[in-house]
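# Working through the structure, step by step
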Amino acid sequence: MSNVHDQHDVHDQHDVHDQHDVRREGSELERRSPCERRSLLDMSQAQLVDYVAELGEPKFRANQLWDWIYKRYAGDFESMSNLPKTLRERLTAEATVNPLEVVQRVVSARSDTQKILFRLPGGQTVETVLMVYDRRRTLCISSQAGCAMGCTFCATALGGLARNLTAGEIVAQVLYFARYLADERFEPAMDVARPARVTNVVLMGMGEPMHNYANVWDALRRLTASDAFGLGARHITLSTVGLIPMIDRMADEGLQIGLAVSIHAPNDTLRSQLVPINRRYPVDELLAAVQRYVEKTNRRVTFEYALMRGINDSPELAVELAAKLKPLLCHVNLIPLNPIPDSPFQPTSDADTERFAAILTDAGVSTTVRVRRGIEINAGCGQLQQATLA
């Protein structure tokens, strides 16, 4: 994932463990196509109550299901031991709590990063990454299968947009890794002490979250609700290329989700080449929207800047960027680009990265350089998918 912050400090598990490995998940998916089964993750609590009533079951069964899904991270119905066997069998036949199928899984050489390519119902694929730090277990999740924004340096943009993810498919990525972290018996091994919990989530994977606004915010409310997954809103960051109407809308949501804006250039001439949506929402208008957001929420905004050798890494551009961002309550996250093979967009040298960061810092703009992760496992956004298709 090219847009992941190092600076973001972005449930007890019942005995539901052994059945959650990839083999079991695969066998369940083979029994009935995911397209034919109802995903309970796409239901609100009220909708789940209605569904259970359709099955002729009392309301408290819905509460039990909700608890198994969001507090115990159950990946199938068979493990839900306080449900009647007949109900478990019926649910297994016609519903699912795990709509994702593992296509490929890779772990970095340092065992601190794991990336999975998931297949969705309908056959599209998306990527999710777990990154382990000293005190954090951060997930980078996808919001769309593909992307319509057309950023020229991004692997995801190569295939265009296939479809939006449902709220349940977004939540499912988090629950999958919550199950993994909760039980040390799950493969593969990583450099993380388990049991552990997901501490941070960043929506910086495949897709533009603001382009799938309703489903993304449905998922975010499920992830932050105390009676659901219960992750603190301040531990979640949403990244956008700068869809101004949606930034204004986010300011009124009432959740303290972090906002990150992928800027990548300080002027319209260059940014329109790198991020085509800039032609609709130019830099100065975008920065004005960020200022409105800050004034309304009193929250600092992060600007992501993927440094590309000879393209957007000059000292002059750093000076220009500093002048535009200094008036804002913001932080800049400089990102060493995860390169696409045979692409003209390649990472800036370490020396030029340090020079760019120093110019921003000396101008009074808070700046950090993201720790690079997972180059050897195609950890950049969309890269594992492209490698798998190649």
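This write-up is about the structure you can find in this document. (Residues numbered from 1 in each chain as written. Predicted model: local features only at pLDDT ≥ 70, side-chain atom pairs only at ≥ 80, totals over all residues. Heavy atoms only, no water.)

Looking only at helices and strands, one finds 12 helices and 14 strands in the chain. Considering the chain as a whole, with its 390 residues, one finds that 59% of them fall into the buried category. Counting only carbon and sulfur atoms, one obtains 48% of the accessible surface of the chain, whose full area is about 15,300 Å². (Helix = DSSP H or I, 4+ residues; strand = E, 2+ residues; numbered from the N terminus. Buried < 20%, exposed > 50% of the residue type's maximum accessible area, 1.4 Å probe, protein only. Areas by Shrake-Rupley, 256 points an atom, 1.4 Å probe, with all protein chains shown as cover.)

Under the counting rule described, the total for this entry stands at 8 aromatic pairs. Where Tyr-176 meets Phe-177, the ring centres are 5.6 Å apart and the plane angle is 75°; that geometry is what we call edge-to-face. When its relative accessible area of 6% is taken as the criterion, Tyr-176 is described as buried. Look at Phe-177 and you get buried, because its relative accessible area is 0%. On the basis of an interplanar angle of 35° and a centroid distance of 5.0 Å, the ring pair of Tyr-305 and Phe-356 is categorised as tilted. Here Phe-356 lies in helix α11 (residues 350-362) and Tyr-305 lies in strand β12 (residues 301-307), a separation of 51 residues in the sequence. For the pair Tyr-305 and Phe-356, a shared accessibility class is recorded, and that class is buried. (Phe/Tyr/Trp six-rings, centres within 6.5 Å; stacked < 30°, edge-to-face > 60°.)

Two elements in contact, helix α5 (residues 167-182) and helix α6 (residues 213-224), have axes separated by 8 Å at closest approach and are oriented at 45°. As summarised for this structure, α5 and α6 are arranged oblique, according to the angle between their axes. Seen along the crossing, α5 lies across α6 with a hand that is right-handed. Contact with α5, carried on its side by Ala-167, Ile-170, Val-171 and Val-174, involves Asn-215, Val-216, Asp-218, Ala-219, Arg-222 and Leu-223 of α6 and no other residues of that element. Across the contact of α5 with α6, the residue classes tally to 7 nonpolar, 1 polar and 2 charged. (Axes fitted to C-alpha atoms, helices over the stretch in contact; angles between N-to-C directions. Parallel < 35°, antiparallel > 145°, perpendicular 65-115°, else oblique. Left-handed = near helix turned anticlockwise from the far one by under 90°. Contact = heavy atoms within 4.5 Å. Nonpolar A, V, L, I, M, F, W, Y, C, P; charged D, E, K, R; others polar.)

Attention shifts here to the pattern of salt bridges. This model, assessed by the stated rule, comprises 16 salt bridges. With a closest N to O distance of 3.4 Å, Arg-88 and Glu-78 form a salt bridge. On the criterion of sequence distance, the pair formed by Arg-88 in helix α4 (residues 85-94) and Glu-78 in the loop between α3 (59-70) and α4 is long-range, its members being 10 residues apart. Judged by relative accessible area, Arg-88 falls into the buried class, the value being 14%. Glu-78 gets classed as partly exposed once you look at its relative accessible area, which sits at 39%. (Salt bridge = Lys/Arg side-chain N within 4 Å of Asp/Glu carboxyl O.)

Judged by nonpolar contacts, the single largest core of 120 residues is most densely connected at Leu-40 and Phe-303. Looking at this core element by element, the count peaks at 12 residues for α5. Grouped together as the second largest cluster of nonpolar side chains are 7 residues, Tyr-133, Cys-140, Met-204 and Ala-260 included. (Core = buried A, V, L, I, M, F, W, Y, C linked by side-chain atoms within 4.5 Å.)

Attention now goes to the sheet that holds β12. The strand order across the open sheet built from 10 strands is β3-β4-β5-β6-β9-β10-β11-β12-β13-β14, with neighbouring strands paired in mixed fashion. What marks the edges here is a single partner per strand, and that holds for β3 (101-107) and β14 (367-369). If you compare each strand with its neighbour and ignore which way they point, the axes differ by 20° on average. Note that strand β4 (residues 113-119) and strand β5 (residues 125-132) share 7 bridges and pair antiparallel. Counterpart to Ile-116 in the pairing with β5 is Thr-128. The strands touched by α5 are β3, β4, β5, β6 (137-140) and β9 (200-203); relative to β5, the strand with the most contacts, the crossing angle is about 40°. (Pairing = 2+ DSSP bridges.)

Here the focus is unusual backbone geometry. In this structure, Pro-188 follows Glu-187 across a cis peptide bond, with omega equal to 0°. For the bond from Arg-194 to Pro-195, the omega torsion is 5°, close enough to zero to count as cis. The topology assignment puts Pro-195 in the loop between α5 and β9. Positioned with a positive phi, Ser-111 is a non-glycine residue whose angle comes to about 60°. Its location among the elements puts Ser-111 in the loop between β3 and β4. Of note, the phi angle at His-264 is positive, near 65°, even though the residue is not glycine. Tracing the chain through its elements places His-264 in the loop between β11 (258-262) and α8 (268-274).

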